[in-house]
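An overview of the molecular structure
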Amino acid sequence: MSQDDRHAPEDALREARRQKAQALRERGENPFANDLWPAPLAELGPLRARVSAARNDAGRYDKARVAELSGELGVAHVAGRVLMQRGFGRAAFLRLRDRTGELQLYLHEGATPQAELARLDDIQLGDVIEAEGELMATDKGELSLEVTRVRLLTKALRPLPDKWHGLADVETRYRQRYVDLIASRDAAAVFRARSHIVRAVRRYLDDDGFLEVETPTLHTLVGGAAAKPFTTHHNALDMSLFLRIAPELYLKRLVVGGLERVYELGRMYRNEGISTRHNPEFTMLEFYEAYATYETLMTRTEALFRAVDADLARRMPDEHGAWLRARPFTLDEPFARVPMRAAVERALAKASLPADVHTTIRGEGAPIKEWSRSSERAKKRIDWSNYLKGVKKCANDGEALFAAYEYLAEPFLAEDYTSADGQKSVPVFILDYPAEVSPLARRKDSDPSLVDRFELFVHGRELCNAFSELGDPEDQAARFRDQLEKKARGDEETMDYDADYIRALEHGLPPTAGFGMGIDRLVMALTASASIRDVILFPLLRPEH
RNA sequence: GGGCUGGUAGCUCAGUCGGUCAGAGCUGCGGACUUUUAAUCCGUAGGUCCCGGGUUCGAGUCCCGGCCGGCCCA
């Protein structure tokens, strides 16, 4: 505790709690104990599960059935945080939560000794307690522990948020996640889901013979993606370093080295703006598979999504049902596979625009005013001014196709590619990107201006980026040189020339396909979360004060 | 970076046209109640109305600036 805290006037709620703690101390008890009673702890979830057969459809428990089913259980020892408390004369109900679930504690004169009932005076919402008692159901059918012994373990000196509304202030939710996790079941569920999702991703890859590796996060060169890096410095070597923006080039070196199926799941750092879809540090999965193509990886992507979602459904069935309904997309139908050029053409048709807009716009005097009157979409929802600005910066046909895709097609993916019943969007693979915007991908054999690459969009949001890897060291060296030119022209999101990577390629990269996916965005999609901050425990915020 | 929007008790929120507007519920405290489900009932305490200026007889309310958020766009 700092000097300031100690001398600050304490609000009445904290003072009342502090006094209760002091009263305990004066009785020779510790309000911050760690000596639990020696009996082993029963977990609340399993305790509930034990008598689940006594539960009816309305969630009420049958008294007699509970007594029957909990027969040999005897006295159970439980511990957790007090979430609700109702005094009722010489009886009381407490709701207790541990990491596995919640259970009501029922204290009353019939079963609870006077001395134990008196201890309720010390216990408040938010406190951590232990208790002993037998499982029973109340007249109203609420599963309860009929308490014979109770004890405060940890006094909470701060009050919990509103018990009904919880913590609504989003800023406080992000800054004081510990409170959010106590007060909001939904928030806690998202982070449990995240853990299951990450493990399911690992399991999918492990089961298919992929090796998990760890590569450096401190890089001497910028590579593997188009993004601005954070910089730092190593004192002993007096050397500038970049926090990694992608692990790609290291992982492909490992494929050269014979680790033909590798993956890394870890934190990346990009020195860019913050939004509902961007946090400066985020978690990415990359995997590389030798003797595979981007076609292989599309099949894998669908399998991976479905495997992860099925796992989530098994582990969190109740929450998963709610997320499933909240999701604006479905994984039940085949993902759409659309070459970028076709996506642009289709989007133009949907906006009732001429089929050559994306080429005509590059010339002088493009009739944008006339185009924007073609349809509601063209008028209100296509950002012509930024599209035009973007087109002006394009140095070649490839970049122009990409700009057309970005402004004409991508904003409408969610509505243009829907399930058979039209109720939900389907995920869309956009394929065959221009080589100019894909410096690490292999050119298509049938059209060298394009590359064997896809990105996956789930309800219009980019989740994955994958391609058949460029194994030709000379082509790769030329692409690196292009990046240097872009940098010289002022582009801040370019890669450095990585000579060692070229040397690695000269030893021979087997035909390989590689895949990257934002884990945070995957969690957002599966849990129907609106902001990346809802799936990152401690998102970056400006400091308080 | 731009547009819109928010900040009132520990928490959730109301506060009209600038004039008894410093309010409610929860939480806390005191009390009643032996099966509650946001328990109920009675009583009570709790405020830098984000910060700083300005306009005004008078500002939570209007204006300007700042701080910290949210949403959308870049």
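The coordinates are above.
Remember, it's a predicted structure, so these values are computed and weren't measured experimentally.

Let's shift gears to the overall build of chain A. Within chain A, the secondary structure is distributed over 21 helices and 16 strands. Of all 545 residues assigned to chain A, the portion counted as buried reaches 49%. When contacts within chain A are restricted to residue pairs at least 6 apart in sequence, long-range pairs at least 24 apart make up 68% of them. Surface accessibility of chain A: about 27,100 Å² in total, with carbon and sulfur atoms responsible for 50%. Side chains of chain A carry 78 positive and 88 negative charges; the gap between the two charge centres is 4 Å.

The next thing to look at is the packing of aromatic side chains. Between two aromatic rings, the relevant description is the distance of the centres plus the angle of the planes. Under the counting rule described, the total for this entry stands at 15 aromatic pairs. Here Phe88 and Phe93 contribute two aromatic rings whose centre-to-centre distance is 6.3 Å and whose plane-to-plane angle is 80 degrees, an arrangement assigned as edge-to-face. Given a relative accessible area of 59%, Phe88 falls into the exposed group. Between the aromatic rings of Trp384 and Tyr387, the centroid separation amounts to 6.1 Å while the plane-to-plane angle is 35 degrees, which identifies the pairing as tilted. Here Tyr387 and Trp384 lie together in helix H16 (residues 384–393), a separation of three residues that amounts to about one turn. Accessibility expressed as a relative area gives 8% for Trp384, which makes it buried. The rings of Phe305, Phe335, Phe429 and Phe454 are connected pair by pair, giving a single aromatic cluster.

Another aspect to go through is the packing of helix H9 (residues 248–256) against helix H20 (residues 499–506). Relative to each other, H9 and H20 sit at 25 degrees, their axes nearing to 9 Å. In terms of their interaxial angle, H9 and H20 are classed as roughly parallel. Two packed elements cross with a definite hand, and for H9 against H20 that hand is left-handed. In this structure, H9 uses Leu249, Lys252, Arg253 and Val256 to contact H20, whose residues at the interface are Asp500, Tyr501 and Ala504. Residues belonging to the contact of H9 with H20 are distributed by class as follows: four nonpolar, no polar and three charged.

Within the structure, RNA strand B sits among 44 residues, and Arg86, Thr138, Lys140, Lys163 and Glu171 are positioned closest to it. Protein-adjacent atoms of RNA strand B, using a 4 Å cutoff, are sugar or phosphate at a proportion of 57%. Separating a sugar or linking oxygen of RNA strand B from a backbone N or O atom of Gly166 is a distance of 3.3 Å. At the level of secondary structure, the elements contributing two or more residues to the surface near RNA strand B comprise helix H2 (12–26), strand E1 (75–88), strand E2 (91–98), strand E3 (101–108) and helix H6 (170–175). Along the lines of polarity and charge, the residues of the surface near RNA strand B split into 16 nonpolar, 12 polar and 16 charged.

This part takes up unusual backbone geometry. The backbone of His459 shows a phi angle near 50 degrees, a positive value even though the residue is not glycine. Within the secondary structure, His459 sits in the loop between strand E14 (453–458) and strand E15 (461–468). The phi dihedral of Ala528 is positive, around 55 degrees, even though this residue is not glycine. Along the chain, the position of Ala528 falls in the segment after helix H21 (519–526). By relative accessible area, Ala528 is classed as partly exposed at 33%.

Tracing the backbone through its elements, the reader meets Arg17 in helix H2. Apart from residues lying up to four places away in sequence, Arg17 is in contact with Gln124, Leu125, Asp127, Lys155, Ala156, Leu157, Arg158 and Pro159.

Next up on the list: the pattern of salt bridges. Taken as a whole and assessed by the stated rule, the structure comprises 57 salt bridges. A salt bridge links Arg315 to Asp311; the nearest nitrogen and oxygen atoms lie 2.9 Å apart. Note that Arg315 and Asp311 are positioned in helix H10 (residues 294–315) at a spacing of four residues, about one turn of the helix. Owing to a relative accessible area of 2%, Asp311 belongs among the buried residues under this scheme. Among the ionic pairs, Glu399 bridges to Lys486, the shortest N-O distance being 3.7 Å. You can see Glu399 sitting in helix H17 (residues 397–409) and its partner Lys486 sitting in helix H19 (residues 473–488), a full 87 residues away along the chain. Exposure class is identical for Glu399 and Lys486. Each is buried. When salt bridges that share partners are traced, they join Arg60, Arg95, Arg97, Glu102, Glu142 and Arg185 into one network.

If you trace the backbone, Val213 turns up in the loop between strand E6 (211–212) and strand E7 (218–219). Looking at Val213, the relative accessible area reads 12%, which means it is buried. C-alpha separation for the pair Val213 and Pro411, spaced 198 residues apart in sequence, amounts to 36 Å.

Procedures and definitions
The residue numbering used here restarts from 1 in each chain and proceeds along that chain's sequence as written. Following the order in which they are written, the chains are lettered starting with A and the ligands numbered starting with 1. Per-residue local features are limited, in this predicted model, to residues with pLDDT of at least 70; the limit for side-chain atom pairs, both in listing and counting, is 80 or more; totals at the level of whole chains, interfaces and linings are taken over all residues. With hydrogens and water set aside, each side-chain value is computed from the structure's full complement of heavy atoms. Where helices and strands are cited, they refer to DSSP runs of H or I of at least four residues and of E of at least two residues respectively, numbered from the N terminus. For every residue, the accessible area (1.4 Å probe, protein chains only) is compared with the maximum for its type, and the residue is labelled buried under 20%, exposed over 50%, or partly exposed between those bounds. In what follows, residue pairs with any heavy atoms lying within 4.5 Å of each other are defined as contacts. Accessible surface is estimated by sampling points in the Shrake-Rupley manner with a 1.4 Å probe; for residues, cover comes only from the protein chains shown. Residues counted as positive are Lys and Arg, residues counted as negative are Asp and Glu, and His and the chain ends are not counted. We put the charge of a Lys on NZ, of an Arg on CZ, of an Asp on CG and of a Glu on CD. In summary, the pairing rule links any two rings of Phe, Tyr or Trp, Trp by its six-membered ring, whose centres are within 6.5 Å, and it sorts them by plane angle into stacked for under 30 degrees, edge-to-face for over 60 and tilted for everything else. To obtain each axis, a line is fitted to C-alpha atoms, and for helices this fit is confined to the stretch in contact; angles are then taken between N-to-C directions over 0 to 180 degrees. Convention used here: angles under 35 degrees read as roughly parallel, angles over 145 as roughly antiparallel, angles from 65 to 115 as roughly perpendicular, and any remaining angle as oblique. Whether a crossing is left-handed or right-handed is set by the direction in which the near helix is turned from the far one by less than a right angle, anticlockwise for left-handed and clockwise for right-handed. For this classification, the nonpolar set comprises Ala, Val, Leu, Ile, Met, Phe, Trp, Tyr, Cys and Pro, the charged set comprises Asp, Glu, Lys and Arg, and every other residue, Gly included, is treated as polar. Proximity is defined per residue: any heavy atom of the residue falling within 4 Å of a molecule or strand makes that residue near it. Under the rule applied, a polar contact is a pair of N or O atoms within 3.5 Å (in protein, one hydrogen donor and one hydrogen acceptor; residues adjacent in sequence only if both atoms are side-chain atoms). For this document, the term salt bridge refers to a Lys or Arg side-chain nitrogen within 4 Å of an Asp or Glu carboxyl oxygen.

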